[in-house]
Amino acid sequence: MFCVECGKEGKTYRGLCLDCYLKKNVFFRIPSEITVTFCRNCDAHRILNQWKTGDMWADIEDAIKSRITAEIPLECSFDREKGTVTCRGTFEGRKIEKTGHIKIKEKYRLCPKCSLQRGGYFEAILQVRGAKEEQLERIGEIIKRKVDDQHSFITKKEKVRGGTDYYMGARGAAEQAAKEIREKFGGKLTISSSLVGVKDGKRVYRDTYSVRLPEYIGSFFKLDNKLYRVVAAGRKLQLEGMDGETRYIYEKELKRAVKVELEAREATVLHHDKNTLYIMDSLDFTTKEVAKPKGWREGKKIKIVEYEGNIYAFEYHEENHIL
Ligand SMILES: [Zn+2]
Ligand SMILES: [Zn+2]
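Residues numbered from 1 in each chain as written. Chains lettered and ligands numbered in written order. Predicted model: local features only at pLDDT ≥ 70, side-chain atom pairs only at ≥ 80, totals over all residues.

Q: Please give an account of the overall build of the protein chain that cites residues and values.
A: The secondary structure content of the protein chain amounts to five helices and 24 strands. Relative to the 2.2 N^0.38 estimate, which gives 20 Å for 323 residues, the radius of gyration of the protein chain is 34 Å and therefore markedly larger than a compact globule would have. In terms of overall dimensions, the protein chain has C-alpha extents of about 110 × 60 × 30 Å along its principal axes. Counting every position in the protein chain, which comprises 323 residues, the buried fraction comes to 22%. Within the protein chain, contacts between residues separated by at least 24 positions form 50% of all contacts whose residues are at least 6 apart in sequence. (Helix = DSSP H or I, 4+ residues; strand = E, 2+ residues; numbered from the N terminus. Rg over C-alpha atoms; globule rule 2.2 N^0.38 Å. Buried ≥ 20, exposed ≤ 12 C-beta atoms within 10 Å, placed from the backbone. Contact = placed C-beta atoms within 7 Å.)

Q: Would you mind going over unusual backbone geometry in detail, with residue names and values included?
A: In terms of backbone geometry, most residues other than glycine have negative phi values and most peptide bonds are trans. Phi angles above zero are rare outside glycine, and Asp200 is one such case at about 50°. Turning to its location among the elements, Asp200 is positioned in the loop between strand S13 (188-199) and strand S14 (202-212). The class for Asp200 is exposed, based on 5 C-beta atoms found within 10 Å. With a phi close to 65°, Asn225 is a non-glycine residue in the positive phi region. Tracing the backbone through its elements, the reader meets Asn225 in the loop between strand S15 (220-223) and strand S16 (226-233).

Q: Go over the environment of Lys226 with me, naming the residues and quoting the values.
A: One can find Lys226 in strand S16. Spatially, the C-alpha atoms of Lys226 and Arg256 are 12 Å apart, while their sequence positions differ by 30 residues.

Q: Describe the nonpolar core, and please don't skip the residues or the numbers.
A: Core analysis: the largest hydrophobic core is formed by 23 residues, its most contacted members being Ala124, Leu126, Met168, Ala174, Ala177, Ala178 and Ile181. Secondary-structure elements contributing two or more residues to this core are strand S10 (124-129), helix H4 (133-149), strand S12 (163-168), helix H5 (171-185) and S14. Here the element with the most residues in this core is H5; it accounts for six residues. Counting 22 residues, the second largest nonpolar core, distinct from the first, contains Leu239, Met242, Leu277 and Ala313. (Core = buried A, V, L, I, M, F, W, Y, C linked by C-beta atoms within 7 Å.)

Q: An account of the domain arrangement of the protein chain is needed here, citing residue identities and associated values.
A: Interface size is commonly expressed as the accessible surface area that is lost when the partners come together. Here the protein chain is partitioned into domain 1 (23-109), domain 2 (120-212) and domain 3 (220-315). Put simply, the middle of domain 1 and the middle of domain 2, counted by C-alpha atoms, are 41 Å apart. (Domains from an automatic or database assignment.)

Q: Can you tell me about the sheet that holds strand S9 (residues 103-109), naming the residues and giving the values?
A: Whenever strands of a sheet pair, they do so through backbone hydrogen bonds, lying parallel or antiparallel. Spatial strand order, S4-S3-S2-S9: four strands in an open sheet with mixed pairing. Edge positions in the sheet fall to strand S4 (50-52) and S9, since each has one partner strand and no second. Across the sheet, the axes of successive neighbouring strands diverge by a mean angle of 30°, strand direction being ignored. Pairing between strand S3 (residues 45-47) and S4: three bridges, direction antiparallel. Bridge pairing links Ile47 to Gln50 in S4. Sitting on the sheet, helix H2 (residues 56-67) is in contact with strand S2 (33-39), S3 and S4, with an inclination near 10° to S3. (Pairing = 2+ DSSP bridges. Axes fitted to C-alpha atoms, helices over the stretch in contact; angles between N-to-C directions.)

Q: Describe the packing of H4 against H5, naming the residues involved and giving the relevant values.
A: One way to put it is that H4 packs onto H5 with a least axis distance of 9 Å and a crossing angle of 145°. In the crossing of H4 with H5, the sense of the turn from one axis to the other is right-handed. Residues Gln135, Ile139, Ile142, Ile143, Lys146 and Val147 of H4 lie in contact with H5, whose contacting residues are Ala173, Gln176, Ala177, Glu180, Ile181 and Phe185. (Left-handed = near helix turned anticlockwise from the far one by under 90°.)

Q: Tell me about the environment of Asp243, residues and numbers included.
A: You can see Asp243 is positioned in the loop between strand S17 (237-241) and strand S18 (246-249). The class for Asp243 is exposed, based on 11 C-beta atoms found within 10 Å. Separated by 70 residues in sequence, Asp243 and Ala313 place their C-alpha atoms 9.6 Å apart.

Q: Break down H4 for me, citing the residues and quoting the values.
A: Compared with an ideal rise of 1.5 Å per residue, which puts 17 residues at 24 Å, H4 spans 25 Å between its outermost C-alpha atoms and is within 8% of the ideal. Those residues of H4 lying buried are Ile139, Ile143, Lys146 and Val147. The buried side chains of H4 occupy one side of the element, clustering within an arc of 100° when seen end-on. Of the exposed residues in H4, those oriented more than 90 degrees away from the buried face are Glu134, Glu137, Glu141 and Asp148. (Expected span 1.5 Å × (residues − 1). Arc of directions from axis to C-beta.)

Q: So what about the pairing of strand S6 (residues 75-79)? Which residues, and what values?
A: Counting buried residues in S6 gives zero out of five residues, a small share hidden from the surface. Note: S6 against strand S7 (residues 84-91), five bridges, orientation antiparallel. Bridge assignment links Glu75 to a residue of S7, and that residue is Arg88. Hairpin remark: S6 followed by S7, antiparallel, with four residues in the connecting loop; positive phi at Gly83, about 70°.

Q: Talk me through the sheet that holds strand S23 (residues 302-307); I want residue IDs and the actual numbers.
A: On the basis of which strands lie adjacent, the open sheet formed by five strands has the order S22-S21-S20-S23-S24 and antiparallel pairing. Every other strand in the sheet has two partners, leaving strand S22 (287-291) and strand S24 (310-315) as the edge strands with one partner each. On average, adjacent strands in this sheet sit at an angle of 45° to one another, irrespective of strand direction. Taken together, the six bridges between S23 and S24 define a ladder with antiparallel strand orientation. The residue of S24 that forms the bridge with Ile302 is Glu315.

Shown next, in the form of structure tokens:
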């Protein structure tokens, strides 16, 4: 066979000798531009019709790779600074390499998520009731994490009597957040659903997830002439007597207890022995001896209260336990 280009005799490829074929054939077709649409409100971007968040360059590279057509197996490498992609492969033992410059066309609009949010859309209401100020902060973090996991949003946050209402863009985020709050802080979760209308022949429901945190955790009660602190809540309340006794009672049994308002303050454990903690009172920096709370271990924080002339220490938890 003869090459139709240069007349050389030998093996041909589509009528050309290897040298001519390598010169004339396009082994890789690299797109010259790619459109990236940025959300005007959040950090989402759309490439090839898909809205995403996160590593935009990785998404751009994936999109470009998916649009390169090649006649031979290839490897691609990107130079983000220069905006180039280089494809490499081999044909008949010869190295083939092609570098293409990719222009990124930028567009701006609202992503579907932000359009819904701007329009006041929500699928569920998460009601948090009975949370103390320091718990609300942690609860806010849980909600934010669940919302981010679902690439969703909070439409509105509203302080209402007894708590806070979160209007949530995704039902799943509301449900997961409610469950995690219930798990971390205890309390009751009730779910209700109401029909809000019909859309495209389907009934549209809106769910309300209401988490009521146990109001007693951390509170002090005098019961049977003894001072207790409520340390956990579930089906029953777990009480810790100031002498170390652990006791479980039903919430209704609190009716015969007397709530005692005590101001707890911090104290530093200086050292300890079998049954005693030697502490420094943060109020007046005096050192005191107190009974070691049950289950206390070195390194754990304590708080103290004064009651009827005695000082009681208890272990201080960042968050409450449930049974
Ligand atoms: Zn030739
Ligand atoms: Zn957006």
